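As a plain string of letters, each chain reads:
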Amino acid sequence: TLLDVLRYQFDLTGAKPVCEDGSSGANTVLVDGKPIMATATLALSVVGKEIRTCESLRDDPVTHAFVESDAQQCGFFTPGFVVAVRAFLDKNPNATEEQIRSGLNGNICRCGTYANILQAVISLVKGT
């Protein structure tokens, strides 16, 4: 899978092997700007495409907003959320709170920091 290649050949461990089917969102990566689940994607299917992981978002405003809003969790789900938020905001830079909630419902957080994640995204939309 793409997740195996990222983790074990390129040592990019941000995307997490939390589930086999990608239902948690913990292994979200961007392929040509589109969020996909790395556990459910064959590496050969993305040859020649731009792949971005949470590691590439180190200096991204999304990452900084997560820190400022205390939206990071235990570490298993945060990277997938950061990538999902980047993809969501690229398509919906002026999203409403309702659109944010709906747009990010494919990611889960067992630590329960949804309110802080929502605040982080709202702050980005508002430019604060």
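Description of the structure in this document. (Residues numbered from 1 in each chain as written. Predicted model: local features only at pLDDT ≥ 70, side-chain atom pairs only at ≥ 80, totals over all residues. Heavy atoms only, no water.)

**Points about the pairing of strand 2 (residues 34-37)**
On a regular strand, one side chain projects to one face of the sheet and the next to the other, so that they alternate.
Part 1: With four bridges connecting them, strand 1 (residues 28-31) and strand 2 associate as antiparallel partners. Residue pairing for strand 2: Val29 is matched across the bridge by Ile36. (Pairing = 2+ DSSP bridges. Helix = DSSP H or I, 4+ residues; strand = E, 2+ residues; numbered from the N terminus.)

**Details of the packing of aromatic side chains**
Each aromatic ring pair is summarised here by two numbers: the centre-to-centre distance and the angle between the ring planes.
Part 1: Under the definition given, this model contains one aromatic pair.
Part 2: For the ring pair Phe81 and Tyr114, a centre distance of 6.2 Å and an interplane angle of 75 degrees mean the geometry is edge-to-face. Taken as a pair, Phe81 in helix 3 (residues 78-91) and Tyr114 in helix 5 (residues 114-126) lie far apart in primary sequence, 33 residues in all.
Part 3: Taking the relative accessible area as the measure of exposure, Phe81 reaches 2% and is therefore buried.
Part 4: Given the relative accessible area of 41%, Tyr114 is considered partly exposed. (Phe/Tyr/Trp six-rings, centres within 6.5 Å; stacked < 30°, edge-to-face > 60°. Buried < 20%, exposed > 50% of the residue type's maximum accessible area, 1.4 Å probe, protein only.)

**Observations regarding the environment of Ser56**
Part 1: When you line up the elements, Ser56 lands in the loop between strand 3 (51-52) and helix 2 (61-68).
Part 2: At a separation of 3.3 Å, a polar atom in the side chain of Ser56 contacts the side chain of Arg52.
Part 3: From its side chain, Ser56 meets the backbone oxygen of Thr53 in a polar contact 2.7 Å long. (Polar contact = N/O pair within 3.5 Å; in protein donor to acceptor, adjacent residues only side chain to side chain.)

These figures come from the coordinates and say nothing about function on their own.
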